[in-house]
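So you can see what is in the structure, the chains are spelled out below.
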Amino acid sequence: PELQFPERLNCATELLDKHVAAGHGDRVCIRAPGLTWTYADLRDKANRIANVLVQDMGLVPGNRVLLRAPNNPMLVACWFAVMKAGGIAVATMPLLRAKELKAIVDIGQVSHALCDAALAEEMRLTALETPLLRHLRHFNYEGPDSLEAAMERASPYFDNLDTASDDTCLLGFTSGTTGVPKATMHFHRDVMAICHCWPPHVLKPTADDVFIGSPPLAFTFGLGGLVLFPMSVGASTVLLEKASPPQLLDGIKEFHATVLFTAPTSYRTLAARGIELKRTHLRKCVSAGEALPASTRALWKEATGIELIDGIGATEMLHIFISHTEDKARPGATGKPVPGYQAKVVDDDGNEVPPGTVGKLAVKGPTGCRYLADERQKTYVKNGWNVTGDAYLMDADGYFFYQARTDDMIISSGYNIAAPEVEDALMLHPAVAECAVIGVPDEERGQIVKAFVVLRPGQEQDAAMVKTLQDFVKQTVAPYKYPRAVEFVDKLPRTQTGKLQRFKLHEA
Ligand code: 3UK
């Protein structure tokens, strides 16, 4: 069924003001250590910030507002303020340096910024570097120039701008596994579309759920999972500024969280705390950002009794488009297209390939890629189909199986080998904590499979271990896929969103 949206639509009205208007203003919306905000509290603060943006900072509709903070309640208030005022939110990862922020300001033509005082230094350096950024305010500190001081003086009333449903409201920057950021534009109706597709059909949240997770809100996986989806059903969300596995576990316990969003590696680490996890209120756990190894799915099930919900999404598509419910989980498969989306596997010419054949994933739905001034638009979107850069196969029952990023397929002696398949096999071995596989040039074979392995504590990094792991892979998958080279490392290079940076391993 195609989603219909009215011509005029402001996502802040739908996700925030409507709950208050419906009499649910006193429901808990956001919790963070030492703090609880109701829906009415959040609306009040967002209204005040919207007034500050418009009256004090000269914002006009369409201006781009850089948002910069770890996951905390003020970041959410600022995000909704930008929506209300008809601005365009440009949320940025907390760890970015001035050089990267300047690139975002330039690409996004950013004129305004709201920044957490804890991250002021890189923001200051950025502002020095570019004339574009003219209006800057800081929050989460006490002082006469703070955003909070301006909020005190501002009215708590604000009439949301009557935006068109296809006005751009956010720029999502790709998390850069290759290093170069690209901006993607999303409309007010896209924000609502993702709330209408995946959550009601797959997650099935209720107003009593308490969401928690690790992805930064600057990553659309986090924005959806920790803000948009809970708010679309009037539920509450827990925001943690630091959400490494032990901190997540503490948060899950303290706030009685029921729905968890995090990345595969985090599930793998957390699984070791199964006894404690079993005593929490967790009932749904969502994994995205990179391929979920079958072994991690099994570990989590064993540790907690919960079947992980895997879903593939992309910044370009705003959120998840292939996923499955817990009861229909098929190990090794990402799932089926989310209702509202279509997916197919195509060859290099865009023709659909028969089931069981590896090809490129193409998806179509209510959200889709619109790069901001980037020539890659032509290769990402073809005839309305978004080609995500992932190699997939679909089986005869319509389940989609992830193989690799198309550029992470290894060709060795004429064989096609998907790096994640070798990683999955290695991770089944009890000595392996984490691993990453790439193809390295080889005179005889073109490429050979090389594995970077992080061993669990107490395991020997020696030739005997190399042999053990190689034999283990040969027994688990087709022998020609075994890693001819194995290197032991202490950790793997990852982005802030938990994605492996294979390009860094290639450089090393
Ligand atoms: C990979 C996956 C296998 C895949 C994202 C959920 O990851 C998100 O967006 P990005 O733009 O990266 C997109 C790429 O990441 N990937 C993501 N999830 C999976 N591969 N299985 C998965 N479950 O290569 C994809 O093309 O950073 C994820 C929601 C919103 C998002 N932005």
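Residues numbered from 1 in each chain as written. Predicted model: local features only at pLDDT ≥ 70, side-chain atom pairs only at ≥ 80, totals over all residues. Heavy atoms only, no water.

### Points about empty space enclosed by the protein
Under the definition given, this model contains 3 cavities of 30 Å³ or more. For the largest cavity, the full set of lining residues is Trp79, Ala89, Ala91, Leu170, Leu171, Gly172, Phe173, Leu217, Ala218, Thr220 and Leu223. For the lining of the largest cavity, the secondary structure elements donating two or more residues are strand E4 (88-92), strand E7 (168-173) and helix H8 (220-232). Looking at which element gives the most residues to the lining of the largest cavity, the answer is E7, with 4 residues. Considering only residue class, the lining of the largest cavity consists of 9 nonpolar, 2 polar and no charged. (1 Å grid on protein atoms, 1.4 Å probe; cavity = no way out; pocket = protein on both sides within 12 Å on 5 of 7 lines; lining within 4 Å. Points joined across faces, edges and corners; volume = space filled by probe spheres on them. Helix = DSSP H or I, 4+ residues; strand = E, 2+ residues; numbered from the N terminus. Nonpolar A, V, L, I, M, F, W, Y, C, P; charged D, E, K, R; others polar.)

### What to know about unusual backbone geometry
Positioned with a positive phi, asparagine 140 is a non-glycine residue whose angle comes to about 65°. Relative to the assigned elements, asparagine 140 resides in the loop between strand E6 (135-139) and helix H6 (147-153). Accessibility expressed as a relative area gives 35% for asparagine 140, which makes it partly exposed. Positive phi, normally seen in glycine, also occurs at histidine 256, with a value near 55°. With respect to the secondary-structure elements, histidine 256 resides in the loop between helix H9 (245-254) and strand E11 (259-262). The exposure class of histidine 256 is partly exposed, given its relative accessible area of 42%. (Buried < 20%, exposed > 50% of the residue type's maximum accessible area, 1.4 Å probe, protein only.)

### A word on helix H4 (residues 98-108)
Of the positions making up H4, those classed as buried are Ala98, Leu101, Ile104, Val105 and Gly108. Considered in projection along H4, the buried side chains sweep an arc of 120° and stay on one side of the axis. Residues of H4 that are buried in the fold lie against strand E3 (64-68), E4, strand E5 (110-116), helix H5 (120-129) and E7. Note on H4: the residue one or two positions beyond its end, glutamine 109, has a positive phi of about 50°. (Arc of directions from axis to C-beta. Contact = heavy atoms within 4.5 Å.)

### Remarks on the side chain of threonine 280
Examined against the element boundaries, threonine 280 turns out to sit in the loop between helix H11 (274-278) and strand E12 (284-287). The buried category is assigned to threonine 280, whose relative accessible area is 15%. Within the structure, threonine 280 has its side chain in polar contact with the backbone oxygen of leucine 277 (distance 2.7 Å). In terms of polar contacts, threonine 280 uses its side chain to reach the backbone amide nitrogen of leucine 282, at 3.3 Å. Aside from chain neighbours lying at most four places away, what touches threonine 280 is Ile252 and Lys253. (Polar contact = N/O pair within 3.5 Å; in protein donor to acceptor, adjacent residues only side chain to side chain.)

### Structural notes on the pairing of strand E9 (residues 210-213)
The side-chain alternation of E9 yields two buried faces, one formed by Val210 and Ile212 and the other by Phe211 and Gly213. Examined bridge by bridge, E9 and strand E10 (residues 236-238) share 2 bridges and lie parallel to one another. Bridge pairing in E10 links valine 210 to serine 236. A crossover links E9 with its parallel partner E10, the connecting element being H8, and its sense is right-handed. As defined by bridge partners, E9 adjoins E11 across 3 bridges and the pair is classed as parallel. Bridge pairing in E11 links glycine 213 to phenylalanine 261. (Pairing = 2+ DSSP bridges. Right-handed = clockwise from strand over helix to strand, strands pointing away.)

### Observations concerning the site of the ligand
In the vicinity of the ligand there are 23 residues, among which Asp310, Gly311, Thr315, Asp390 and Lys499 approach most closely. A distance of 3.0 Å separates a nitrogen atom of the ligand from a polar backbone atom of glycine 289. One of the side-chain nitrogen or oxygen atoms of arginine 405 is found 2.8 Å away from an oxygen atom of the ligand. In the complex, 95% of the free accessible area of the ligand, which totals 610 Å², lies under the protein chains. Those elements that place two or more of their residues in the shell around the ligand are H8, strand E13 (309-313), strand E19 (385-394) and strand E20 (400-405). (Near = heavy atom within 4 Å. Areas by Shrake-Rupley, 256 points an atom, 1.4 Å probe, with all protein chains shown as cover.)

### A closer look at the environment of glycine 87
Summarising the element assignment, glycine 87 is placed in the loop between helix H3 (73-84) and E4. Leaving out residues up to four positions away in the same chain, glycine 87 has contacts with Leu59, Gly62, Asn63, Val82, Thr168 and Cys169.

### Examining the sheet that holds strand E23 (residues 432-442)
Pairing in this open sheet of 3 strands is mixed, and the strands run E23-E24-E25 from one edge to the other. On the outer flanks of this sheet lie E23 and strand E25 (485-488), each paired with one strand and no other. Strand-to-strand twist in this sheet, taken as the mean axis angle between neighbours without regard to direction, amounts to 25°. Note: strand E24 (residues 446-455) against E25, 4 bridges, orientation parallel. Looking at E25, one finds that valine 453 is bridged to phenylalanine 488. Sheet strands touched by helix H14 (residues 419-427): E23 and E24. Its angle to E23, the strand with the most contacts, is close to 145°. Seen against the sheet, helix H15 (residues 463-476) touches E23, E24 and E25 and runs at an angle of roughly 125° to E25. (Axes fitted to C-alpha atoms, helices over the stretch in contact; angles between N-to-C directions.)

### Looking at the nonpolar core
If you look at the biggest cluster of nonpolar residues, it comprises 106 residues, and the most contacted ones within it are Leu42, Ile49, Trp79, Phe80, Leu114, Trp198 and Leu228. Among all residues touching leucine 114, those that are not within four sequence positions of it are Ile49, Leu53, Met57, Val65, Leu66, Leu67, Arg68, Cys78, Arg137, Phe139 and Leu147. (Core = buried A, V, L, I, M, F, W, Y, C linked by side-chain atoms within 4.5 Å.)

### Side note on the layout of surface pockets
Gaps left between atoms are located by rolling a probe of water-molecule size over the structure's atoms. The volume enclosed by the second largest pocket comes to roughly 1200 Å³. Along the wall of the second largest pocket there are 43 residues; nearest its centre are Ala243, Ser244, Pro245, Gln496 and Gly498. Sorting the residues of the lining of the second largest pocket by element identifies H9, helix H10 (264-270), helix H12 (294-304) and E23 as the ones contributing at least two each. Top element by residues in the lining of the second largest pocket is H10. It accounts for 4 residues. A breakdown of the residues in the lining of the second largest pocket according to their chemical character gives 20 nonpolar, 14 polar and 9 charged. Three or more residues apiece are contributed to the lining of the second largest pocket by two domains, here domain 1 (37-191) and domain 2 (413-507). (Domains from an automatic or database assignment.)

### A short note on H9
Among all positions of H9, only Pro245, Leu248, Leu249, Gly251 and Ile252 are buried. The arc enclosing the buried residues of H9, seen along the axis, measures out at 160°, which places them on a common side. On its buried face, H9 sits against E9, E11, H10 and H11. Just downstream of H9 lies histidine 256, where phi reads positive at about 55°.

### Focus on the domain arrangement of the chain
The domains assigned to the chain are domain 1 (37-191) and domain 2 (413-507). The straight-line distance from the C-alpha centre of domain 1 to that of domain 2 is 41 Å.

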